[in-house]
Amino acid sequence: MNLRNVLWIWQREIRDQFRDRRTLFMVAVLPVLMYPLLGTSMFQLAQFMRQTTGKVAIYGADELRDVEGLPALVDGDRFAADLFIDPEERGRLKVEERSAPAGERLAMAEAAVAGGEIDAAICFPDDFAEGVERSREAETTDAAAVAPPQPAVRFNSSRESSQLAGLRVTSLLRRWSDAVVAGNLRARNVPIAATQPFSVDQVDVAPKESRNAQLWAKLLPFIVFLWALTGAFYPAIDLCAGEKERGTLETLLASPARRSEIVGGKLLTVMTFSIFTALLNLASLALTAKVLMGQLAGMAGLGAAFAPPPVSAMLWLVVAVLPMSALFSALSLACAAYARSTKEGQYYFMPLFLAATPLMLMPTAPGVELNLGNSLVPVMGLVLLLRATIEGQVAQAALYLAPVIAVTAVCCWLAMRWAVSQFNQESVLFRESERFSPKAQLAAMVRRRGETPSAAAAMACVAGIFLLRSLLTPLMPAPIQGESGFGYLAVLTILSQLQILAPALAVAWLLTRDPLRSLLLKGPVRGRDIAVAALAALCLIPLSERLKTGIQGLYPLPEGVEAQLGEVSRWITDSPSIALTVLLLAVLPAVCEELAFRGVVLSGLRKSLGDLGGVLMTAVFFGAAHTVLQQSLAAAPVGFLLGLIAVRTGSLIPCVVFHAVYNALQLVSALNAEAIRNVAASWGVHDMVFIEMPAEQLGYATPFAILGGVAAAGLIWALGSHDRGKPQVAARLGTAS
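Described below are features of the structure shown in this document.

Cut-offs used in this document
Residues numbered from 1 in each chain as written. Predicted model: local features only at pLDDT ≥ 70, side-chain atom pairs only at ≥ 80, totals over all residues. Heavy atoms only, no water. Axes fitted to C-alpha atoms, helices over the stretch in contact; angles between N-to-C directions. Helix = DSSP H or I, 4+ residues; strand = E, 2+ residues; numbered from the N terminus. Parallel < 35°, antiparallel > 145°, perpendicular 65-115°, else oblique. Left-handed = near helix turned anticlockwise from the far one by under 90°. Contact = heavy atoms within 4.5 Å. Nonpolar A, V, L, I, M, F, W, Y, C, P; charged D, E, K, R; others polar. Pairing = 2+ DSSP bridges. Salt bridge = Lys/Arg side-chain N within 4 Å of Asp/Glu carboxyl O. Buried < 20%, exposed > 50% of the residue type's maximum accessible area, 1.4 Å probe, protein only. Patch = residues over 30% accessible without salt bridge, like charges linked within 9 Å, V, L, I, M, F, W, Y side chains within 5 Å. Areas by Shrake-Rupley, 256 points an atom, 1.4 Å probe, with all protein chains shown as cover. Lys, Arg positive; Asp, Glu negative; His and termini not counted. Charge placed at Lys NZ, Arg CZ, Asp CG, Glu CD. Phe/Tyr/Trp six-rings, centres within 6.5 Å; stacked < 30°, edge-to-face > 60°. 1 Å grid on protein atoms, 1.4 Å probe; cavity = no way out; pocket = protein on both sides within 12 Å on 5 of 7 lines; lining within 4 Å. Points joined across faces, edges and corners; volume = space filled by probe spheres on them.

In the contact formed by helix 15 (residues 401–423) and helix 23 (residues 578–624), the axes pass within 9 Å of each other and the chain directions differ by 155°. When the axis of helix 15 is compared with that of helix 23, the two are roughly antiparallel. Pair helix 15 / helix 23 crosses with left-handed handedness. Where helix 15 approaches helix 23, its residues Leu-414, Trp-418, Ser-421 and Gln-422 are matched on the opposing element by Ser-608, Leu-609 and Leu-616. Residues that form the contact of helix 15 with helix 23 fall into these classes: four nonpolar, three polar and no charged.

Strand order in this open sheet of four strands is 4-1-5-6, and the pairing throughout is mixed. Looking at strand neighbours, the two that pair on one side only are strand 4 (93–98) and strand 6 (152–155), the edges of this open sheet. For this sheet, the mean angle separating the axes of adjacent strands, direction not counted, is 20°. Pairing of strand 1 (residues 54–59) with strand 4, which is carried by six bridges, proceeds in the parallel orientation.

Summed over all chains, the structure comprises 23 salt bridges. Salt-bridge contacts for Glu-243 lead to Arg-12; the nearest nitrogen and oxygen are separated by 3.2 Å. One end of the pair, Glu-243, is in helix 7 (residues 208–246); the other, Arg-12, is in helix 1 (residues 3–18), and 231 residues separate them in sequence. Both residues of the pair, Glu-243 and Arg-12, belong to the buried class. In this structure, Asp-529 and Arg-528 form a salt bridge, with 3.7 Å as the shortest nitrogen-oxygen distance. Residue classification places Arg-528 among the partly exposed residues on the basis of a relative accessible area of 43%. A network of salt bridges, in which partner residues are shared, links Arg-12, Glu-13, Asp-16, Glu-243 and Lys-266.

Another aspect to go through is the packing of helix 23 against helix 25 (residues 653–671). Taken N-terminus to C-terminus, the directions of helix 23 and helix 25 make an angle of 135°; their axes are 8 Å apart at the nearest point. Viewed along their axes, helix 23 and helix 25 adopt a mutual orientation that is oblique. Once helix 23 is placed against helix 25, the crossing between them reads as right-handed. Considered class by class, the residues forming the contact of helix 23 with helix 25 number 16 nonpolar, three polar and three charged.

Moving on, we get to a negative patch on the surface. Together, Asp-66, Asp-126, Asp-127 and Glu-130 line one region of the surface with negative charge. Inspection of the secondary structure puts Asp-127 in the loop between strand 5 (120–123) and helix 5 (128–137). For Asp-127, a relative accessible area of 36% translates into the label partly exposed.

Let us look at the packing of aromatic side chains. One pass over the full model with this rule turns up eight aromatic pairs. Ring centres of Phe-124 and Trp-176 lie 6.2 Å apart, and the angle between their planes is 75°; on these two criteria the pair is classed as edge-to-face. Linking Phe-124 in the loop between strand 5 and helix 5 with Trp-176 in helix 6 (residues 160–187), this pair joins segments that are 52 residues apart in sequence. For the residue pair Phe-124 and Trp-176, the accessibility class agrees, reading buried in each case. Centroid distance Tyr-488 to Trp-571: 5.1 Å. Interplanar angle 75°. Geometry classified as edge-to-face. Of this pair, Tyr-488 sits in helix 19 (residues 486–510) while Trp-571 sits in helix 22 (residues 559–573); the two residues are 83 residues apart in sequence, bridging distant segments of the chain. Taking relative accessible area as the criterion, Tyr-488 reaches 15% and is therefore assigned buried. Classification of Trp-571 by relative accessible area gives buried; the value is 5%. An aromatic cluster of at least three residues, connected via ring pairs, comprises Phe-124, Phe-128 and Trp-176.

With that out of the way, let us pick up the environment of Ala-502. Secondary-structure assignment places Ala-502 in helix 19. Considering only alpha carbons, one finds Ala-502 and Ala-596, 94 residues apart in sequence, at a separation of 8.7 Å.

Right, let's get into empty space enclosed by the protein. Evaluated as defined, the whole model comprises one cavity of 30 Å³ or more. Taken as a whole, the largest cavity encloses approximately 50 Å³ of empty space. Lining the largest cavity we find Val-368, Glu-369, Leu-370, Leu-384, Arg-387, Ala-388, Glu-391, Gln-393 and Gln-396. Counting residues per element, the lining of the largest cavity draws most heavily on helix 13 (residues 380–390), at three residues.

Worth remembering: the numbers are spatial, not functional.
Printed below as a string of structure tokens:
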């Protein structure tokens, strides 16, 4: 890659972006204006909450005068001063007494509040005085049987002033009740301390800086990363779809610069705007917090909650913006390259936004902490690392710095590879813009169908699988506790596999001209490839089992899921024969899932993403098709190997054999763990091959698992070796799209 060409393209794109007023508004003007406006609004709202004077009416105030020695509740047109912690609060509530017949007080109070005449009402029942006297005179033995009188408070939560007045009145009545209790105790010569036998000494040992950083540690990463995504996408749309509309992309592609250099220059431009937007938001937020939050801190009760963010948090955010902007910029550039117009590009922003937002929001949920499992989740791991660092837990964050950097770097590399792949395809860059219409799109896909599925047909297959699963799964019959068995499991398995098979067959027969070739069933099938695939599955089992154990160690199964899996294991043991079990749970899923994923989906995605991209994306969809998260994480690597087998052999049969053998070996070894353990012990290889796992499960020793993984990789690499050196046609050019 020629860096001079990259810098030349970067300078050109930067100049172009400064001419685009929409982009400048999103990345520069909006951040500068938004936070001061939001801060000013919050300040005015806080002032309103403090300065507004609520109007409170008391119905049945005569009841208070009938009780001797009762502490004063009202003094003139205000509540008694000793009921307020802050003396200034006394002026926020204005009181008036209203008379009403005893049986109509509550109805009149509610009508006055609902009509807006007053903000809140206190309604004393007509037996309030007698109730207080009964409480005073109650003996120790019958005190619990005396029901205390119950004044009613009414307010309207749909009006801010009424809700605030209701909260203030409720708080005042609670303090007045404490004063009444204290008076009653003094009248009986009982020390007030008798009602409070002990007090709790509660001390937060966290440093003051960490306590102040709690709110910002959860809020700042989300805000900054969200703006990094926004600041990346709008320039990316203009640099790709915008250039297509202006007709300037052809000029750039005709230049001596290579496609990778063009992508590098555009990516550098998008990153520049993403980082600039994130940092500008950060600076605007910090300045707003320092100016306006300082004023809020002077108000009682708001200072601790709205302390300005610490300087160290800002510095850590600046460091974290660079990798996150690189990831979002590459993803945005790849999505925007696929768009035919600026309008279409804006549609692609929503799926990217919906995919990234939960990963940025999840770390703010209670109980989500930085650990090895969470650090391996893209975006979420970096947000958690940043949160721990801002909270002052630098030593803990350092433990997970390496996995977070590794995962983020891999994601950035994959996203950049995807962007370069998009720019290397003329069919992506120069698609004609057309009006979006599902009916017209489907008709065009049928009318212009190629021999094998297009990328759109592959995505239609994936959408059909997940749509059928979401619609039909709730309709599945529920198991009957203690009565359901292998028959129920058989019905459930067949129905779930039909949900995968039906969309694949529909796409292959309706959206392609050659269904057998689409399903990789038309090429020659070599017995050597089938045998090698079966042997590779056998070698992969130990490493796969260790991977499952590691995944469940990082992400433990919830108790409910573990109980369901235990119930499924019980159903399997009810099987009438092992051959039927293998046929149902190993062979049937292998056939259905391979026809769908390595047949239709991989054949279509290879045209748009290339061999490696198609294999990776198909593995992701294959893993997501499994219902339990831990199963999905374990299935995705196997799906990647199956994709490699399909690409290297050009046939689906070795994939089906690999999949079926892999499933069958797992099933048989789980059902016959004790017999396998005894045979290994009799041969003297038990300690070399196996290790004992919790719950009497049989695991594989690490050296044996690594050796098996290396052997499986070598065998898969050897597949299709007889075709090397022969001319091949790239999948994306060999079929019409």
